[in-house]
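Below are the chains, spelled out letter by letter.
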Amino acid sequence: MKNFIAFILGFASLSLYAQSIPDGYYDGTSSLSGEALKVKLHQISRNHTKRSYSEFRDTILPDLDEDPDNSDNIILFYKNNSIPKQSFASNNEPDFWNREHTWPSSHGFSSSSDTAYTDVHNLRPSDATVNTSKSNKDFNNVEHIAENEEGEAPDTYTTSDFFEPRDEIKGDVARILFYMDMRYESGRLDLDLVDRATFTGDPELGVLSTLIQWHESDPVDQYEIDRHEKAYGYQNNRNPFVDHPEWVADIWGSSSDPYLTVDQLNFSSDFGRVAFGESFTQQYTLVGNNLAADVTVSVEAPFSLSGDNQTFADQITLTHTSEESQETFTIYLKFTPAQEDGTLYEKTVTHSTSGANDVTLNVKGTEGKEAILTISEARSESLGSVVKVTGVVIDEGNNSGNSRVIYDGTAGVVVRSFDAGNESSDLVQGDSVVVSGGLSEYNNLLQIEESPIVISMISQGASLPSPKEVTIAEVGEHLESQLVILKGVYFDRPGLTFGGGGSAGNFTIYDGDDQLTLRIGSSSHPLVGTLVPEGEFDIIGIVGQFGSDYQISPRSENDVIEAGSDEALSNATYKLDMIYPNPAEGLIELHLSGNEFSSVQIYDLNGSLVLNNLGVQKSLNVSSLKKGLYFVIATTDEGIFYSKLIKE
């Protein structure tokens, strides 16, 4: 809501509009900059009045965003239209309004009991459809082409990752996010603006360099000031970046002056326990904007630094490349305890360059050996605890490209790591591993996910556990991330096509008394594209959880077994590579080390014989079969063999 002014005195530190800042409100901020200023503003802003979420529907937003030309209406933030206050989207009705978190609540404070959830400076009225379109995306510039148009909000563009609002509110958005970063900075909730795309669930949001540009190009105007004054009346704290726009540059930087940012993606400031005589190395990224000189990075022992992960020292120099507006450096930080005494070491890494505020990174580590727990013991530890466990990978990676499930005989747990050199996506079924990392939850599913994560290979091709036979009624927390088999279950909607990922991957199974979600987590799962079968089945899978709901995820097509097929196949030997290609559309080849076939039968999952008496043919045309999963049984002079066939 900005009328661009023709002159800005070097992005003047004094607002062009009247402010009503209480006397003494910002006492103690004089001469501060960088982290010191940010900490002081946090101290001033915390302990404010907390409002209920319902008040924002009933009173606060209808007041703050009232249409000045029609007191019965409310003006929507992104769409910039006026609609009746009473048109609240209780059920996401299109063209109604709802309460929108500018900093998405899924990025750090998903519980409505969190103070951040009802912060008056972060909540705005939004068209329900536009709010859904914005979702939990990062803010960034988006290419202005037809396919990226939001559709309802004018001059608004979006992709699967980013959201760009209209020019008139870009500065408003930026200042809201700067406030949230400053206000919520504690051990319980630490929100951070970063210079990249982020992940849902992490207390981060991007893109910082873009937000700095938006803040400068769309300065504070009287409308924003007036709304801010009324918001202060409800919450009794202020957004300092509306009162003092120049503080954005003092803390984060400007689009023209040098500034540094530390990206701690997959990095933990706590190195955990490292035994004397050993060391542990992590890496992080330093981003330099508008640099005019080299960057110096320093730290005290027992930590040391490297730019190449080979030569380590207490100080390194990162070489500036002229004419580059943004430069990215990878920094390796090693922790090497000096003696065997169980000491906790706490040090500060300092990043310095000419013309910019120093940027610091506080790190710590403890000398000592880390005990290996059973997974059952690890599951009883509190969230955030660093645990070390050993186990065998029991899934095939078909439900998630990045997560793996390990099991040790006592329990199972999800491992999800993006740490360089320790990516869980590299693990395959049967890998026996030692895993160290922090515990977290994703929608109540426990996982080893917090950096630093270290994965060490013990062996490959380890034996897998037999699935535990349970009923649907028995599936619960005690079986989470374990391999189970449900016998005699049915799909409630046979004939559909299996999908994967999102809501497309959810299917209901039942056993007569209870029902459960069968979850296919990825669109690349082998079952995707095949038909949901009809009849009674035994299903093997790994127990998962989403919110309050438990699920079972088959690892592959081989985990969906026709009930009673054990009897039909009791005299047959499973042969994985008997068929090529598999999946297939037309011609397949049968391979059994040169043995002649006396007969070949193909059965569907309902147990119906669909092809028979094929004699000694080794090349078969299955193009007439419908898409789905089949059993191929081949009889030779050396025995009976079977394999599963996926018809595409």
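Residues numbered from 1 in each chain as written. Predicted model: local features only at pLDDT ≥ 70, side-chain atom pairs only at ≥ 80, totals over all residues. Heavy atoms only, no water.

**Some points on the overall build of the protein**
Thought 1: Broken down by element type, the protein carries 10 helices and 39 strands.
Thought 2: C-alpha extents for the protein along the principal axes are approximately 95 × 70 × 45 Å.
Thought 3: Per-residue burial over the protein gives 50% buried out of 648 residues.
Thought 4: A sequence separation of at least 24 residues applies to 65% of the contacts in the protein between residues at least 6 apart. (Helix = DSSP H or I, 4+ residues; strand = E, 2+ residues; numbered from the N terminus. Buried < 20%, exposed > 50% of the residue type's maximum accessible area, 1.4 Å probe, protein only. Contact = heavy atoms within 4.5 Å.)

**Description of the sheet that holds strand β20 (residues 386-393)**
Thought 1: Read around the barrel, 5 strands follow the order β20-β21-β22-β24-β23 and close on themselves; strand pairing throughout is mixed. Put simply, the sheet's adjacent strands are angled 55° from each other on average, direction ignored. (Pairing = 2+ DSSP bridges. Axes fitted to C-alpha atoms, helices over the stretch in contact; angles between N-to-C directions.)

**Observations concerning empty space enclosed by the protein**
Space left empty within the atom packing is revealed by a probe, the size of a water molecule, rolled over the atoms.
Thought 1: Inspection of the entire model under this criterion finds 2 cavities of 30 Å³ or more.
Thought 2: Empty space within the second largest cavity amounts to approximately 100 Å³.
Thought 3: For the lining of the second largest cavity, the elements supplying multiple residues, two or more each, are α4 (170-183) and α6 (222-235).
Thought 4: Per element, the largest residue contribution to the lining of the second largest cavity is 4 residues, and it comes from α6.
Thought 5: Among the residues forming the lining of the second largest cavity, the class breakdown is 3 nonpolar, 3 polar and 5 charged. (1 Å grid on protein atoms, 1.4 Å probe; cavity = no way out; pocket = protein on both sides within 12 Å on 5 of 7 lines; lining within 4 Å. Points joined across faces, edges and corners; volume = space filled by probe spheres on them. Nonpolar A, V, L, I, M, F, W, Y, C, P; charged D, E, K, R; others polar.)

**Section: the side chain of His101**
Thought 1: Its location among the elements puts His101 in strand β4 (residues 97-101).
Thought 2: Under the relative-accessibility criterion, His101 is labelled buried at 8%.
Thought 3: Among the polar contacts made by the side chain of His101, one reaches the main-chain carbonyl oxygen of Tyr117 at a distance of 2.8 Å. (Polar contact = N/O pair within 3.5 Å; in protein donor to acceptor, adjacent residues only side chain to side chain.)

**Notes on the sheet that holds strand β8 (residues 162-164)**
Thought 1: Spatially, 3 strands are ordered β6-β8-β7 in an open sheet, and the strand pairing comes out mixed. Looking at the sheet topology across the chains shown, the edges are occupied by β6 (138-139) and β7 (157-158).
Thought 2: Here β6 pairs with β8 via 2 bridges, running parallel. Bridge pairing links Phe139 to Phe163 in β8.

**Focus: the pattern of salt bridges**
Thought 1: Using the criterion set out here, one finds 24 salt bridges in the structure.
Thought 2: Its salt-bridge partner being Asp127, residue Lys79 comes within 3.3 Å of it at the nearest N-O pair. Of this pair, Lys79 sits in the loop between β2 (70-75) and β3 (82-84) while Asp127 is found in strand β5 (residues 123-127), placing the two residues 48 residues apart along the sequence.
Thought 3: Taking relative accessible area as the criterion, Asp127 reaches 1% and is therefore assigned buried.
Thought 4: Ionic pairing is found between Glu469 and Lys487, a salt bridge with its closest N-O pair at 4.0 Å. (Salt bridge = Lys/Arg side-chain N within 4 Å of Asp/Glu carboxyl O.)

**Some details on the packing of aromatic side chains**
Thought 1: Within this structure, the stated rule accounts for 26 aromatic pairs.
Thought 2: An angle of 20° between the planes, with centres 5.9 Å apart, marks the rings of Phe199 and Phe418 as stacked. Taken together, the positions of Phe199 in the loop between β9 (192-193) and β10 (204-205) and Phe418 in the loop between β22 (412-416) and β23 (432-442) put the pair 219 residues apart, joining distant regions of the chain.
Thought 3: Taking the relative accessible area as the measure of exposure, Phe199 reaches 39% and is therefore partly exposed. (Phe/Tyr/Trp six-rings, centres within 6.5 Å; stacked < 30°, edge-to-face > 60°.)

**As for the environment of Val299**
Thought 1: You can see Val299 is positioned in the loop between β14 (295-298) and β15 (303-306).
Thought 2: Separated by 34 residues in the primary sequence, Val299 and Leu333 place their C-alpha atoms 9.2 Å from one another.

**Details of the packing of helix α2 (residues 53-64) against α6**
Thought 1: Contact geometry of α2 with α6 gives a least axis separation of 9 Å together with a crossing angle of 155°. Comparing the axis directions of α2 and α6 gives the class roughly antiparallel. Residues Thr59, Ile60, Leu61, Asp63 and Leu64 of α2 lie in contact with α6, whose contacting residues are Arg227, Lys230, Ala231 and Tyr234.
Thought 2: In terms of residue class, the contact of α2 with α6 is built from 5 nonpolar, 1 polar and 3 charged. (Parallel < 35°, antiparallel > 145°, perpendicular 65-115°, else oblique.)

**Quick look at the pairing of β22**
Every other side chain in a regular strand lies on the same face of the sheet, so the side chains alternate between the two faces.
Thought 1: Across the 5 residues that make up β22, a large majority, 4, are buried.
Thought 2: Direction of pairing for strand β21 (residues 403-407) relative to β22: antiparallel, over a ladder of 5 bridges. Residue pairing for β22: Tyr407 is matched across the bridge by Gly412.
Thought 3: Linking two consecutive strands that pair antiparallel, namely β21 and β22, is a turn of 4 residues; a positive phi of about 100° is found at Gly409 within it.
Thought 4: Two strands pair when backbone bridges link them, and β22 and strand β24 (residues 445-459) are joined in this way by 2 bridges, in the parallel orientation. The residue of β24 that forms the bridge with Val415 is Ile448.

**With respect to the nonpolar core**
Thought 1: With 39 residues, the main nonpolar core has Tyr78, Phe139, Phe178 and Phe241 as its most contacted residues.
Thought 2: Among the elements of the structure, α1 (34-45), α4, α5 (208-217) and α8 (246-251) are those that each provide at least two residues to this core.
Thought 3: Ranked by the residues each element gives to this core, the list is headed by α4, at 8 residues.
Thought 4: Val470, Ile539, Val560 and Leu605 belong to the second-largest nonpolar core, a separate cluster that totals 27 residues. (Core = buried A, V, L, I, M, F, W, Y, C linked by side-chain atoms within 4.5 Å.)

**Let's talk about the environment of Leu32**
Thought 1: Examined against the element boundaries, Leu32 turns out to sit in the segment before α1.
Thought 2: Through-space distance from the C-alpha of Leu32 to that of Asn237 is 20 Å; in sequence the pair is 205 residues apart.
Thought 3: What Leu32 contacts, discounting residues up to four positions off in sequence, is Leu37 and Lys40.

**Describing α2**
Thought 1: Along α2, the residues classified as buried are Phe56, Ile60, Leu61, Pro62 and Leu64.
Thought 2: Packing partners of the buried residues in α2 comprise β1 (66-67), β2, β4, β5 and α6.

**Description of the packing of α1 against α4**
To describe two helices that pack against each other, one gives the angle between their axes and the distance between the axes.
Thought 1: Contact pair α1 / α4: the axes reach a minimum separation of 8 Å and the direction vectors enclose 85°. Classed by the angle they form, the pair α1 and α4 counts as roughly perpendicular. Contacts between α1 and α4 involve Lys38, Leu41, His42 and Ser45 from the former and Asp181, Met182 and Arg183 from the latter.

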